[in-house]
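Single-letter residue listing:
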Amino acid sequence: MINLFLALIFNQSIILPENITGRPGSFIQIEAKTDCKVVEWVLLDSGLELFPVNLLANTKTADVTSTTPGVYRLLAYGATGDIPSKPAIVTITIGTPDPQPADKSEIYRRIETLFKADTDAEKITQAKAYAGVFRALAQAAADEKVKTAGELFKIGSIAATNVLTEKQITSIRDEIGGYLNGKLNTEVAHLLTDADRKKCAYEFLTIAKILEALK
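Residues numbered from 1 in each chain as written. Predicted model: local features only at pLDDT ≥ 70, side-chain atom pairs only at ≥ 80, totals over all residues. Heavy atoms only, no water.

A. Here's a closer look at helix 2 (residues 106-117). Taking 1.5 Å of rise per residue, 12 residues should cover 16 Å, and helix 2 covers 17 Å from first to last C-alpha, within 8% of that figure. Within helix 2, the full set of buried residues consists of Ile107, Tyr108, Ile111, Glu112 and Phe115. Buried residues along helix 2 cover an arc of 130° about the axis, so they all sit on one side. Across helix 2 from its buried face, at more than 90 degrees, point the exposed residues Glu106, Thr113, Lys116 and Ala117. Close packing links the buried residues of helix 2 with helix 3 (123-141), helix 5 (170-183) and helix 6 (194-213). (Helix = DSSP H or I, 4+ residues; strand = E, 2+ residues; numbered from the N terminus. Expected span 1.5 Å × (residues − 1). Buried < 20%, exposed > 50% of the residue type's maximum accessible area, 1.4 Å probe, protein only. Arc of directions from axis to C-beta. Contact = heavy atoms within 4.5 Å.)

B. Quick look at helix 3. Compared with an ideal rise of 1.5 Å per residue, which puts 19 residues at 27 Å, helix 3 spans 27 Å between its outermost C-alpha atoms and is within 8% of the ideal. Three or more residues of helix 3 are buried, namely Lys123, Gln126, Ala127, Tyr130, Ala131, Val133, Phe134, Leu137, Ala138, Ala140 and Ala141. Buried residues along helix 3 sit in contact with helix 2, helix 4 (149-163), helix 5 and helix 6.

C. Looking closely at the sheet that holds strand 7 (residues 61-65). Pairing in this open sheet of 3 strands is antiparallel, and the strands run 3-7-6 from one edge to the other. Bordering the open sheet on either side are strand 3 (28-31) and strand 6 (49-50), each of which pairs with just one other strand. Two strands pair when backbone bridges link them, and strand 3 and strand 7 are joined in this way by 4 bridges, in the antiparallel orientation. Opposite Glu31, over in strand 7, you have Thr61 as the bridge partner. (Pairing = 2+ DSSP bridges.)

D. Broad picture of a nonpolar patch on the surface. Where nonpolar side chains cluster on the molecular surface, the patch consists of Val42, Leu44, Tyr77 and Ile89 and spans about 300 Å² of accessible area. Its place among the elements puts Leu44 in the loop between strand 5 (38-43) and strand 6. (Patch = residues over 30% accessible without salt bridge, like charges linked within 9 Å, V, L, I, M, F, W, Y side chains within 5 Å. Areas by Shrake-Rupley, 256 points an atom, 1.4 Å probe, with all protein chains shown as cover. Salt bridge = Lys/Arg side-chain N within 4 Å of Asp/Glu carboxyl O.)

E. Representation of the pattern of salt bridges in the model. Taken as a whole and assessed by the stated rule, the structure comprises 5 salt bridges. Where Arg73 meets Asp45, a salt bridge forms, and the shortest distance between an N and an O atom there is 2.9 Å. One end of the pair, Arg73, is in strand 8 (residues 70-80); the other, Asp45, is in the loop between strand 5 and strand 6, with 28 residues separating them in the sequence. With a relative accessible area of 38%, Arg73 lands in the partly exposed category. Through salt bridges that share partners, Glu106, Arg110 and Glu175 make up one connected network.

Here is the structure:
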């Protein structure tokens with residue numbers, strides 16, 4: 001009897017993928033590999049929605065979605081009889097999450113130094129407006145209608161002209177331009193690959209977060 005009890009304990013397990021990615025607004029299916037008859041799913045982070053598992057014929061599969069880019073966790077556990085399994089957790093990345101402002105990275109420090117030296121009383125407003133340009137660029141980078149690096153950066157140039165004058169935060173804009181030229185392929189005719197789009201979105205969001213953090 002004891003041996004049977006131990007066998008039941010050690011036979012129970014749930015295995016989930018370590019990481020899963022998906023696009024905002026799409027349904028992402030996660031399958032649990034397990035010998036448990038019923039699986040319970042628990043959201044660990046707000047912002048992710050779980051389709052009610054009790055409405056599904058197979059509780060070993062969960063469907064989740066989110067319209068907000070970010071990194072989320074989902075926990076699963078089950079039971080054979082009255083003995084629960086150990087929980088398993090999957091990390092779900094939706095879209096391109098906002099990177100945290102670089103922790104006083106080199107580019108952060110350079111932009112911050114230039115910002116402090118700027119004497120314009122409206123510099124905070126200007127920096128936030130410029131951050132909006134980069135958030136818009138991050139979205140444009142994912143738009144397949146934008147084919148080349150030239151088209152992408154033209155969008156940024158027009159957007160910047162709409163929110164800033166030529167004399168506003170010019171040193172910061174020059175610094176950011178030099179930084180991006182060193183990080184991204186800015187050749188006008190360069191056709192954007194999926195890797196280019198992801199890198200552009202990441203760098204644009206990084207700059208946006210730095211600009212938004214300036215005080």
